[in-house]
Amino acid sequence: MKKKVVFVLMCTTLLITILLSYLKWYNTEFVEYFSSSNRVFLVLGSTLLVLYYIRLNKSPEYAHAHVKFDKKEKDQSPNEFFTKPKTTFEDVAGLGEVKEELIEVIDFINSPEKYKKMGAKIPKGILFHGPPGTGKTLLASAVAGETKSSFFSVSGSEFVEKYVGVGAKRIRTLFEKAKKESPSVIFIDEIDAIGAKRSIDSNNEKDQTLNQLLVELDGFNTDQSVVVIGATNRLDLLDEALLRPGRFDRHMFIGNPNVKAREEILKVHTQNKPLEPDVVIKDLAKKTHGMSGAHLSSIANEAAIIAVRENKEKISAHHFDCAIERVIAGLQVKNPSILSKEKEIIAYHEVGHALIGRLLRTDMVQKVSIIPRGQALGYVIQMPQDDRYIMTKDELCNKIMVMLGGKAAEELVFNHSSTGAKDDLKKVTDMVMSMICDYGMSDLGYMHNNNVMIKALGVQISQELNNIINNCYKQAYLFLEANKDDLKKVSDALLEKETLNGEELNELLGEPPNPEELKAV
Ligand SMILES: Nc1ncnc2c1ncn2[C@@H]1O[C@H](COP(=O)(O)OP(=O)(O)OP(=O)(O)O)[C@@H](O)[C@H]1O
Ligand SMILES: [Zn+2]
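An unreviewed UniProt entry lists the protein chain under the name ATP-dependent zinc metalloprotease FtsH, with Serpentinicella alkaliphila as the source organism. What UniProt records for the protein chain under Subunit (unreviewed entry) is the sentence "Homohexamer." Per UniProt, the protein chain carries the Function (unreviewed entry) text "Acts as a processive, ATP-dependent zinc metallopeptidase for both cytoplasmic and membrane proteins. Plays a role in the quality control of integral membrane proteins."

Spelled out as structure tokens, the structure:
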């Protein structure tokens, strides 16, 4: 429409110009102004405009698409995008208690009348918190699926903008749209990106966005079936105002699955895959301790890919083992160029870990390998046999000894200290810091230290840290010294075979000793 007006205006200008330029025949006053050179310029300019217009029209498809795209970007921010998911609670394995709590919310959305009669208000805000990959997004989309609601899935970081007011406007638009499409479920992942505790100078863009979210949460009434689900890995970072009753007041912890839940998740993710009879889901669940739902879904997919790569008709237990290893330790490095001396050091280092792990029976040693994967030059896979929820100080110390076993083996055999234990030392330091500052497991007392205390007790904490680590290191060294022959035997076998599994270790060393006998060492 606009283009046509421009065209008519241009044609008129052209006509008037040409007309005026010839007026000299009738009006001598114009003669000087519209001298022949000026006339040439005017005619030329008008012609160029016409040519420009013709060019625009020559590619109408392109021009149209371009305008449409601009419009889309301007008027439809990604926030407004919604779906009608088909996900149901059946797709979400485990998480029984969380699902039970959500069933009430679903009932609210499906039969609001029942609750209105009683004067009950729909719960507005639900907060899922817990480690990544545990199914928070999946659960939110199942709530939408179960209630046939419009599902608006956004990430908090989408609202973090440079310009003041933009994030707030996006929040407003999101809620407007959700109300229009109600019943709706708004899922805000990484809500901490906008919902973090406000600073004292509450005038920045982030605070405005959070304020707008609070306004929206307070704003909608019980007639509008809009449920907002927030998700975060860091509940402690969120602003108190967001957690107040009437806002995100239902908190649900979504943790890593236990062995039963892992079995169920693996069943969900293998149900459409052809499996060999040697695949026992129960065993896979045991081997995947500490993994999230996302890890498990990735293992099932990876196993299928490996089977295809090997031209197999079905997925076998071996394919699952390779997939688990791939997910735990990363991608295998092809043709690594490692010097043979370095390989020897790596072998002793890894066997140092494995041997102490076996001796102390911390966790089952499933595999020890010197085939580089990801960033690691070698690795030991250890899995606890049972899910553990609390650990004693002795058990933590045993774990620390296993982690220091690599460095101790290097010092014992090669009498040197190498860079290979960097990652081990980081893990050890983190664990010992928690023992001192979180669990009251040191001579500094039974307290849970906050940041101020940690600063004030800096020197004492580092002394305590040194004491615990050095004691564990000495013990690890002594264990290996007492078992130096085994250390050599296994390291030689590892250098030859590059990978040893739990059974091969038992064949080489016999069954691990009774932990009671070890106390005497
Ligand atoms: N309980 C579960 N049942 C079935 N599949 C699951 C479960 N938990 C996780 N998954 C699988 O893991 C994938 C990732 O999960 P999801 O995105 O929901 O995790 P999240 O908790 O939202 O992660 P993040 O905190 O990183 O956003 C899902 O698509 C699904 O395939
Ligand atoms: Zn190590």
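Engineer: Explain the overall build of the protein chain to me, please; I cannot follow it from the model alone.
Structural biologist: In terms of helices and strands, the protein chain carries 23 helices and nine strands. A total of 521 residues make up the protein chain; the buried ones form 32% of that total.

Engineer: Mind showing me how you'd approach the sheet that holds strand β9 (residues 499-501) here?
Structural biologist: Two strands in a sheet stick together by hydrogen bonds in their backbones, pointing the same way (parallel) or opposite ways (antiparallel). With antiparallel pairing, three strands are arranged side by side in an open sheet as β8-β7-β9. Two strands close off the open sheet at either side, each with one partner strand: β8 (379-383) and β9. Neighbour to neighbour, the strand axes of the sheet diverge by 15° on average, direction disregarded. Across three bridges, the pairing between strand β7 (residues 364-369) and β9 is antiparallel. Looking at the pairing, Val 368 lines up with Leu 500 of β9.

Engineer: How should I be thinking about the confidence of the model for the protein chain in this particular structure?
Structural biologist: Detailed reading of the predicted model is not advised wherever pLDDT is low. This prediction gives the protein chain a mean pLDDT of 81; 79% of its residues lie at or above 70. Low pLDDT (under 50) marks residues 56-79, which in the prediction has nine contacts with non-local residues, meaning those over four places away or in another chain. ipTM for the predicted complex: 0.95, alongside a pTM of 0.70.

Engineer: Honestly, the nonpolar core in this entry has me stumped. Any pointers?
Structural biologist: The tendency in soluble globular proteins is for nonpolar side chains to be buried side by side. Ranked by internal contacts, the top residues of the largest apolar core, which has 103 residues, are Val 185, Ile 186, Ile 229, Val 351, Ile 356, Ala 476 and Leu 480. By residue number, the principal contributor to this core is helix α16 (residues 340-360), which donates 10 residues. In this view, Val 351 contacts Val 368, Ala 409, Leu 487, Val 490, Ser 491 and Leu 494; residues no more than four positions away in its chain are not counted.

Engineer: What's the story with the environment of Val 166 in this structure? I'm lost.
Structural biologist: Along the polypeptide, Val 166 turns up in helix α8 (residues 166-180). Each C-alpha atom, one on Val 166 and one on Gln 208, is 9.2 Å from the other, the two residues being 42 residues apart in sequence.

Engineer: Would you mind showing me how to read the site of ligand 1 here?
Structural biologist: If you check the shell around ligand 1, you find 19 residues, and the closest are Pro 132, Gly 135, Lys 136, Thr 137 and Gly 293. Mapped by element, the contributors of at least two residues to the shell around ligand 1 are α7 (136-147), α12 (259-270) and α14 (293-309). Class assignment for the residues of the shell around ligand 1 results in nine nonpolar, eight polar and two charged.

Engineer: What's the story with the sheet that holds strand β6 (residues 248-253) in this structure? I'm lost.
Structural biologist: On the basis of which strands lie adjacent, the open sheet formed by six strands has the order β1-β3-β4-β5-β2-β6 and mixed pairing. Each edge of the open sheet is held by one strand with a lone partner, namely β1 (82-83) and β6. Pairing analysis gives six bridges linking strand β3 (residues 150-155) to strand β4 (residues 184-189), with the strands arranged parallel. When the bridges of β4 are listed, Ser 150 appears paired with Ser 184. Helix-sheet contacts for α7 involve β2 (125-129), β3, β4 and β5 (226-232), and the interaxial angle to β4 is about 170°. Across the sheet, α8 is in contact with β3, β4 and β5; its angle to β3 comes to roughly 165°.

Engineer: Can you walk me through unusual backbone geometry in this structure?
Structural biologist: Excluding glycine, residues mostly have negative phi values, and the peptide bonds linking residues are mostly trans. Omega for the peptide link from Ser 182 to Pro 183 comes to 5°, which places this bond in the cis form. On the secondary structure map, Pro 183 appears in the loop between α8 and β4. Backbone geometry places Asn 311, a non-glycine residue, at a positive phi of 60°. Within the secondary structure layout, Asn 311 lies in the loop between α14 and α15 (317-329). The phi dihedral of Glu 498 falls on the positive side, at around 70°, and the residue is not glycine. Overall, Glu 498 belongs to the partly exposed group, with 14 C-beta atoms counted inside 10 Å.

Engineer: Even after reading the chapter, I still don't get the packing of α16 against helix α17 (residues 393-414), so can you show me in this structure?
Structural biologist: Orientation of α16 relative to α17, taken along the N-to-C sense of each, is 140°, at an axis distance of 7 Å. The pairing of α16 with α17 is recorded here as oblique in orientation. Seen from above, α16 lies across α17 with right-handed handedness. Residues Ile 345, Tyr 348, His 349, Glu 350, Val 351, Gly 352, His 353, Leu 355, Ile 356, Gly 357 and Leu 360 of α16 form the contact with α17, whose participating residues are Asn 398, Met 401, Val 402, Gly 405, Gly 406, Ala 408, Ala 409, Glu 410, Val 413 and Phe 414. Of the residues contributing to the contact of α16 with α17, the split by class is 12 nonpolar, seven polar and two charged.

Engineer: Just checking my understanding: could you explain the packing of α14 against α15 for this structure?
Structural biologist: Axis angle and axis distance: for two packed helices, these are the angle between their axes and the distance between the axes, and together they describe the pair. For the pair α14 and α15, interaxial distance at closest approach is 8 Å and the crossing angle is 125°. In this view, α14 runs oblique relative to α15, as classed from their interaxial angle. Where α14 crosses over α15, the handedness of that crossing is right-handed. When α14 is examined against α15, the residues His 295, Ser 298, Ile 299, Glu 302, Ala 303, Ile 306 and Ala 307 are found in contact with a partner set consisting of His 319, Phe 320, Cys 322, Ala 323, Ile 324, Arg 326 and Val 327. Along the lines of polarity and charge, the residues of the contact of α14 with α15 split into nine nonpolar, three polar and two charged.

Engineer: Would you take a moment to explain helix α18 (residues 422-437) for this structure?
Structural biologist: Given a rise of 1.5 Å per residue, 16 residues ought to cover 22 Å, and the 22 Å separating the end C-alpha atoms of α18 matches this to within 8%. Every buried residue of α18 is listed here: Val 428, Val 432, Ile 436 and Cys 437. Projected onto a plane normal to the axis of α18, the buried residues spread over an arc of 140° and lie on a single side. Turned more than 90 degrees from where α18 packs its buried face, Asp 423, Lys 426, Asp 430 and Ser 434 sit exposed. In this fold, the buried residues of α18 make contact with α17, α19 (451-456) and α20 (458-482).

Engineer: Just checking my understanding: could you explain the environment of Asp 189 for this structure?
Structural biologist: Residue position: Asp 189 is located in strand β4. Distance in space between the C-alpha atoms of Asp 189 and Thr 232 is 6.6 Å, their sequence separation being 43 residues. Beyond its immediate chain neighbours, meaning those up to four positions away, Asp 189 contacts Thr 137, Ser 155, Gly 156 and Ala 231.

Conventions and cut-offs
- Residues numbered from 1 in each chain as written.
- Chains lettered and ligands numbered in written order.
- Predicted model: local features only at pLDDT ≥ 70, side-chain atom pairs only at ≥ 80, totals over all residues.
- UniProt positions renumbered as here; feature names shortened; annotations may be inferred.
- Helix = DSSP H or I, 4+ residues; strand = E, 2+ residues; numbered from the N terminus.
- Buried ≥ 20, exposed ≤ 12 C-beta atoms within 10 Å, placed from the backbone.
- Pairing = 2+ DSSP bridges.
- Axes fitted to C-alpha atoms, helices over the stretch in contact; angles between N-to-C directions.
- pLDDT = per-residue confidence, 0-100.
- Contact = placed C-beta atoms within 7 Å.
- Core = buried A, V, L, I, M, F, W, Y, C linked by C-beta atoms within 7 Å.
- Near = placed C-beta within 6 Å.
- Nonpolar A, V, L, I, M, F, W, Y, C, P; charged D, E, K, R; others polar.
- Parallel < 35°, antiparallel > 145°, perpendicular 65-115°, else oblique.
- Left-handed = near helix turned anticlockwise from the far one by under 90°.
- Expected span 1.5 Å × (residues − 1).
- Arc of directions from axis to C-beta.

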